[in-house]
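Listed below are the residues making up each chain.
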Amino acid sequence: MQCCLEEEKMSKKVVTLLCAALTCLCVWGQGKVNTRKYILSDFPDKITQVVLSGNEVLDSGLRQEIVNYWTLSPYEFCSLEEFEERKTQDLYYFLIPAESRFKGEEEPGVLFLTLVKGGPEAAEGIKEMHEIISLPLMAAMGGSGRELVYLGPIIQAILEFTQNAMQSEKIAYSMESWFNRNYLKEAKMKQIYLAKEDLSESVTEKDLQRYLDQDIHLCSDQEADEMFLKGRYHTLVSYTVAPFLPEEKASYCYKMLFDAESHRLFYFHKHKITSKTGVGFLTADLKRLAVTR
């Protein structure tokens, strides 16, 4: 009798261990499927639908810069109506200009260029789709024209990040720090030109005297864009995106530096806009730029 009880206990123990193992395998399998690296594994084989916004100027720029930069997957252009029809199909990825409204904002403040993957979850809205990367392009209410200068480099940054995220889970979940590593590793000897229009009003003359030197300069936005378009050697130029009418403690400002020669994104930081910070590069940004030089 005692022998039978021990065998029964042993049998139950084995069943429990098997169930636990199977549960672990299921959880592990689900985790693997849901990682961004796994989700991205089919990216080169799927068609990327480039969604045209209906804004003729922006759409013309998108058509031109996609032809110039997009090399990682086949692509097609589609309308917003076609996006709505196709978004639930896992046959496609979508590159779409999308407005974003943050908590506390009454209206969308910034237009992002966003890469998402199609699938059934899209039936619940674009926010439910698997987002690969989203980079700010211009104010939602309309751009200044500078967005057309940096549209191509933003597309290039999206591709560069996506290609590397396919190889590394760590990169896939650390977009901002991954772009900033370009600055930390390669920008030590580069000249930096900050457009005065990209500088926050909170930056004082004392701050400028402390952090600007022979390698960090102020210029107009036209001068910055001209240096970029001419592909000036060893030069980083600034580009800032923020709402046209920012809402305090709700809206964000995005600050970027692009390499004029390679068009790579070298610096990417954001901050919440308040009465103290304002829009543009802050003193904290100047300190970051100066600390490795």
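Residues numbered from 1 in each chain as written. Predicted model: local features only at pLDDT ≥ 70, side-chain atom pairs only at ≥ 80, totals over all residues. Heavy atoms only, no water.

Enquirer: Explain the overall build of the chain to me, please; I cannot follow it from the model alone.
Expert: Across its full length, the chain carries 10 helices and 10 strands. When each of the 293 residues of the chain is scored for burial, the buried share is 47%. Sequence-distant contacts in the chain: of pairs separated by 6 or more residues, those separated by 24 or more amount to 68%. Accessible surface computed for the chain: about 15800 Å², of which carbon and sulfur atoms make up 54%. (Helix = DSSP H or I, 4+ residues; strand = E, 2+ residues; numbered from the N terminus. Buried < 20%, exposed > 50% of the residue type's maximum accessible area, 1.4 Å probe, protein only. Contact = heavy atoms within 4.5 Å. Areas by Shrake-Rupley, 256 points an atom, 1.4 Å probe, with all protein chains shown as cover.)

Enquirer: Sorry if this is basic, but what is going on with the nonpolar core here?
Expert: The nonpolar side chains of a soluble globular protein tend to be buried with one another. Judged by nonpolar contacts, the single largest core of 53 residues is most densely connected at Leu115, Ile133, Leu135 and Phe179. With 10 residues, the single largest contributor to this core is helix H5 (residues 146-165). Contact partners of Leu115, with chain neighbours within four places excluded, come to Phe43, Thr48, Trp70, Tyr93, Phe94, Leu95, His130, Glu131, Ile132, Ile133, Ile158 and Thr162. Among the nonpolar cores identified, the runner-up in size contains 16 residues, and Leu208, Tyr211, Ile216 and Leu257 belong to it. (Core = buried A, V, L, I, M, F, W, Y, C linked by side-chain atoms within 4.5 Å.)

Enquirer: What's the story with the pairing of strand E5 (residues 130-139) in this structure? I'm lost.
Expert: By the criterion of burial, E5 is predominantly enclosed, with 8 of the 10 residues buried. Sheet topology note: the strand E4 (residues 110-117)/E5 ladder contains 8 bridges and is antiparallel. Across the sheet, residue Leu111 finds its bridge partner in E5, namely Met138. (Pairing = 2+ DSSP bridges.)

Enquirer: Which parts of the structure should I look at to understand the confidence of the model for the chain?
Expert: On average, the chain scores 88 in pLDDT, and the residues at 70 or more come to 88%. Here residues 1-32 scores under 50 on pLDDT; set against residues more than four positions off or in separate chains, the count is 1 contact. (pLDDT = per-residue confidence, 0-100.)

Enquirer: How should I be thinking about the layout of surface pockets in this particular structure?
Expert: Summary: where empty space remains is shown by rolling a probe the size of a single water molecule over the atoms. Taken as a whole, the largest pocket spans an internal volume of roughly 670 Å³. As for the largest pocket, its lining consists of 25 residues, and the residues nearest its centre are Ser100, Phe112, Thr114, Glu131 and Ser134. The set of elements that each furnish at least two residues to the lining of the largest pocket consists of strand E3 (92-100), E4, E5, helix H7 (175-186) and strand E10 (265-272). Examining the composition of the lining of the largest pocket, we find that 4 residues originate from one element, E5, more than from any other. Here the lining of the largest pocket is composed, by residue class, of 14 nonpolar, 4 polar and 7 charged. Space inside the second largest pocket adds up to approximately 360 Å³. Lining the second largest pocket are 18 residues, with Ala139, Ser144, Thr240, Val241 and Ala242 positioned closest to its centre. Mapped onto the lining of the second largest pocket, the elements with two or more residues apiece are E5, H5 and strand E8 (235-241). Ranked by residues supplied to the lining of the second largest pocket, first place goes to E8 with 3 residues. Along the lines of polarity and charge, the residues of the lining of the second largest pocket split into 9 nonpolar, 4 polar and 5 charged. (1 Å grid on protein atoms, 1.4 Å probe; cavity = no way out; pocket = protein on both sides within 12 Å on 5 of 7 lines; lining within 4 Å. Points joined across faces, edges and corners; volume = space filled by probe spheres on them. Nonpolar A, V, L, I, M, F, W, Y, C, P; charged D, E, K, R; others polar.)

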